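The chain contents come next:
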Amino acid sequence: MADIMTHYVLFSGHMIDKPGRAQPRFPASKAPAAARAIRHRLQKLKDIVASAPIQDIADAASIQGIAAAACGGDILFHEACQHLNIRSEIYLGLPVEEFNKTSVAAAGEDWEIRYRRLIKTLPVHILHPDYTADAPNTIWEEANQWMLDISLSAGSENLTMIVLWDGDQGETGGAWQMMKVAGAHHATIEHIDPSRL
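Because the structure is predicted, anything quoted here is derived from the model rather than measured.

In this structure the tally under the stated criterion is five aromatic pairs. An angle of 75° between the planes, with centres 4.9 Å apart, marks the rings of Tyr-91 and Trp-146 as edge-to-face. With a gap of 55 residues between them, Tyr-91 in strand β3 (residues 87–92) and Trp-146 in helix α5 (residues 138–151) connect regions that are remote in the sequence. A connected cluster of aromatic rings, assembled from ring pairs, spans Phe-99, Tyr-115 and Trp-140.

Throughout the structure, instances matching the rule amount to nine salt bridges. Residue Glu-79 pairs with Arg-114 through a salt bridge whose shortest N-O separation is 2.8 Å. Here Arg-114 lies in helix α4 (residues 109–121) and Glu-79 lies in helix α2 (residues 73–83), a separation of 35 residues in the sequence. As a salt-bridge pair, Lys-101 and Glu-98 come within 3.1 Å of each other at their nearest N and O atoms. On the criterion of helical spacing, the pair formed by Lys-101 and Glu-98 is a turn pair, its members being three residues apart in helix α3 (residues 96–103). Judged by its relative accessible area of 54%, Lys-101 is exposed. Bridged by salt links that share partners, the residues Glu-79, Asp-110, Arg-114 and Arg-117 form one connected network.

Definitions and cut-offs
- Residues numbered from 1 in each chain as written.
- Predicted model: local features only at pLDDT ≥ 70, side-chain atom pairs only at ≥ 80, totals over all residues.
- Heavy atoms only, no water.
- Phe/Tyr/Trp six-rings, centres within 6.5 Å; stacked < 30°, edge-to-face > 60°.
- Helix = DSSP H or I, 4+ residues; strand = E, 2+ residues; numbered from the N terminus.
- Salt bridge = Lys/Arg side-chain N within 4 Å of Asp/Glu carboxyl O.
- Buried < 20%, exposed > 50% of the residue type's maximum accessible area, 1.4 Å probe, protein only.

Here is the structure:
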């Protein structure tokens, strides 16, 4: 009998725009459309994996979602996984409360509530348990590489990356960096452009 491999689904995407952002990238008004788009990509992948020969790809029960938990795309991804009964786990560069300060709280109480609900219900992994919100910016690149390494552990043929990204390549430690690395490993990339939602 062939070994069953985990098919990883790695997500990276924009946070909800902070109030007063000069150039809109992912305004809160687009969150419902983004949630639908993410669910659609996940359902499509689940159907493909479920119908593939077992020697080629893992079965549906072995799909594993990986993402951080920032307001916006990350939270929408984990919620979509829960809706579709896909296992997912949270990977944070900082401790839970410090991550909330840097990557959730600015979007408002609703996103904080959703964040805390996910933290309570999903496995949480923390890269630097002793870091604070004042950690150097390199923490985001480190966390991205950490998630990529885990996602590639079953081979690039068993990795699909879903990216909620507006096409701006200037971001350090963001979706563009992760997509570039995953693409170099020949992983499947599913791109969702928030400007088209």
